[in-house]
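Working through the structure, step by step
Read off the chains here:
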Amino acid sequence: MISIRRLEQATPEEREALAELLIDSVDGGASVGFLPPFSRDAAVEYWRGVLAALGPGLVLWVAEVDGRIDGTVQLAPSLRPNGLHRAEVQKLLVHSRARGQGLASRLLQEVEQYARSAGRTLLVLDTLAGSKAEAVYQHCQWQRAGEIPDWARHTDGELHPTVLFFKRLAP
Ligand SMILES: CC(C)(COP(=O)(O)OP(=O)(O)OC[C@H]1O[C@@H](n2cnc3c(N)ncnc32)[C@H](O)[C@@H]1OP(=O)(O)O)[C@@H](O)C(=O)NCCC(=O)NCCS
């Protein structure tokens, strides 16, 4: 059974599961800010920072399959006075063993529901051009705003473009 819940703090087991999730994505070649080889310590350190930053400017969810954390996503609502209607979706990750079951869709639905209820009417994100994630966002009715070349180094050592997406939410 798939369930989605917001995480405001994390047990040691949850931290471990989040670290494993990030390592799995980085090792699998996802463009999520890090390059392989990616150590467990680096993953734990990344999540320590995220968990410490949770609050009005950062919200975290996990997706569980039969009680095991297999997916996650973050939303960073803008705290700028002129951007209080806007938020950025970050680090949508689904473990390779759990892909294709709708976890990403469910996580994105949850993010949208939260954003709407918090008065956020514009969501933005960026993702590696040509990736599966790009196809998933398009499938989930995100609009492609454009591409920026040479955005991030990829596992092949080359610089790759990123795609900027946005989604307007009815208030
Ligand atoms: C991208 C990623 C999050 C997708 O996770 P997932 O749980 O396998 O995705 P889902 O099963 O929820 O699929 C999402 C939707 O896209 C559709 N979809 C999946 N692959 C697709 C493709 N190649 N083309 C079009 N639609 C596709 C699915 O049918 C599903 O639609 P539905 O909800 O209407 O059935 C996952 O592959 C991942 O974690 N990749 C590595 C990390 C990464 O790149 N994250 C993005 C960072 S911005």
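Residues numbered from 1 in each chain as written. Predicted model: local features only at pLDDT ≥ 70, side-chain atom pairs only at ≥ 80, totals over all residues. Heavy atoms only, no water.

Across its 16 residues, helix α1 (residues 12-27) extends 22 Å between first and last C-alpha, which sits within 8% of the 22 Å expected from 1.5 Å per residue. Three or more residues of α1 are buried, namely Glu-14, Ala-17, Leu-18, Ala-19, Leu-21, Leu-22, Ile-23, Asp-24, Ser-25 and Val-26. Downstream of α1 by a residue or two, Gly-29 has a phi angle that is positive, lying close to 95°. (Helix = DSSP H or I, 4+ residues; strand = E, 2+ residues; numbered from the N terminus. Expected span 1.5 Å × (residues − 1). Buried < 20%, exposed > 50% of the residue type's maximum accessible area, 1.4 Å probe, protein only.)

Okay, the site of the ligand next. What surrounds the ligand is a group of 21 residues, the closest being Leu-92, Val-94, Gly-100, Ser-105 and His-139. In this structure, an oxygen atom belonging to the ligand sits 2.8 Å away from a main-chain N or O atom of Gly-100. Measuring from an oxygen atom of the ligand, one finds a backbone N or O atom of Leu-103 at 3.4 Å. Contact with the protein chains covers 72% of the free accessible surface of the ligand, which is 970 Å². Among the elements of the structure, β4 (86-94), α3 (103-117), β5 (122-128) and α4 (132-139) are those that each provide at least two residues to the shell around the ligand. (Near = heavy atom within 4 Å. Polar contact = N/O pair within 3.5 Å; in protein donor to acceptor, adjacent residues only side chain to side chain. Areas by Shrake-Rupley, 256 points an atom, 1.4 Å probe, with all protein chains shown as cover.)

Next up on the list: the pairing of strand β6 (residues 143-153). By the bridge criterion, seven bridges tie β6 to strand β7 (residues 159-168) in an arrangement that is antiparallel. Among the inter-strand pairings, Arg-144 is bridged to a residue of β7, identified as Phe-165. Counted along the chain from β6 to the antiparallel partner β7, the turn is five residues long, and its residue Gly-157 has a positive phi close to 90°. (Pairing = 2+ DSSP bridges.)

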